[in-house]
Amino acid sequence: MTATPTLETLAKEFSVDSDRIRVLFEMLDAGLSASYVGRIRREETGSLSESIIRRLAYRREQLVELDRRRGTLLRQLESAGVAE
């Protein structure tokens, strides 16, 4: 499941409703391909094209990885006694 701040960021970047993005990621996480979702499941995603779906998925990966790195850095700083 994708965190709400990530969904909101993607909604702003792509000018798409966050609920539609949530539904899209649920379908992708369930194993449906971007091409299938873009062509067959258009109603649920608001007619997002296959290329937009792929870009959304890629950008989600980037944001999740960035959040992971941020968490790692914060833990390292806390263990070193730098961040409080």
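Sequence order as written defines the numbering, with residues in each chain counted from 1. Residue-level local features of this predicted model are given only where pLDDT is at least 70; pairs of side-chain atoms are given and counted only at 80 or more, and the full residue set underlies all totals for whole chains, interfaces and linings. Heavy atoms throughout the structure, all of them, feed into the side-chain values; hydrogens and water do not.

Novice: How would you summarise the nonpolar core if you had to cite specific residues and measurements?
Specialist: Working definition of a nonpolar core: buried Ala, Val, Leu, Ile, Met, Phe, Trp, Tyr and Cys residues. They are joined through side-chain atoms within 4.5 Å. Each residue is placed in one exposure class: buried if its accessible area under a 1.4 Å probe, protein chains only, is under 20% of its type's maximum, exposed if it is over 50%, and partly exposed if it falls in between. Core analysis: the biggest nonpolar cluster contains 17 residues, and Leu10, Ile21, Leu24, Phe25, Leu28, Ile53 and Leu56 have the highest contact counts within it. Under the DSSP-based scheme used, a helix requires at least four consecutive residues in state H or I and a strand at least two consecutive residues in state E, with every element numbered from the N terminus. Breaking this core down by element, the ones donating at least two residues are α1 (4-14), α2 (18-29), α3 (34-39) and α5 (50-79). Considering each element in turn, this core owes the most residues, five residues, to α2.

Novice: Can you tell me about a nonpolar patch on the surface, naming the residues and giving the values?
Specialist: For patches, a residue must show more than 30% relative accessible area and have no salt bridge; joins then use 9 Å for like charges and 5 Å for nonpolar side chains, namely Val, Leu, Ile, Met, Phe, Trp and Tyr. Computed with a 1.4 Å probe, the accessible areas rest on the Shrake-Rupley method; for each residue, only the protein chains presented here act as cover. Within this document, salt bridges are pairs made up of a side-chain nitrogen of Lys or Arg and a carboxyl oxygen of Asp or Glu, the two lying within 4 Å of each other. A grouping of Leu74, Leu77 and Val82 is seen on the molecular surface, where their side chains present a nonpolar patch of about 260 Å² in accessible area. You can see Leu77 is positioned in helix α5. Residue class for Leu77 comes out partly exposed when judged on its relative accessible area of 37%.

Novice: Before we move on, can you summarise unusual backbone geometry with the specific residues and values?
Specialist: In this model, Ser15 sits at a positive phi of 55 degrees, which is unusual for a non-glycine residue. Along the polypeptide, Ser15 turns up in the loop between α1 and α2.

Novice: Before we move on, can you summarise the packing of aromatic side chains with the specific residues and values?
Specialist: Stacked, edge-to-face and tilted labels apply to pairs of Phe, Tyr and Trp rings (six-membered ring for Trp) whose centres lie within 6.5 Å, assigned for plane angles under 30 degrees, over 60, and everything in between, in that order. Enumeration according to the criterion identifies zero aromatic pairs in this entry. Either the NZ atom of lysine or the CZ atom of arginine qualifies as a charge over a ring when it sits within 6 Å of the ring centre and within 35 degrees of the ring normal. Directly above the aromatic system of Phe25 lies the positively charged group of Arg60, at a separation of 4.1 Å from the ring centroid.

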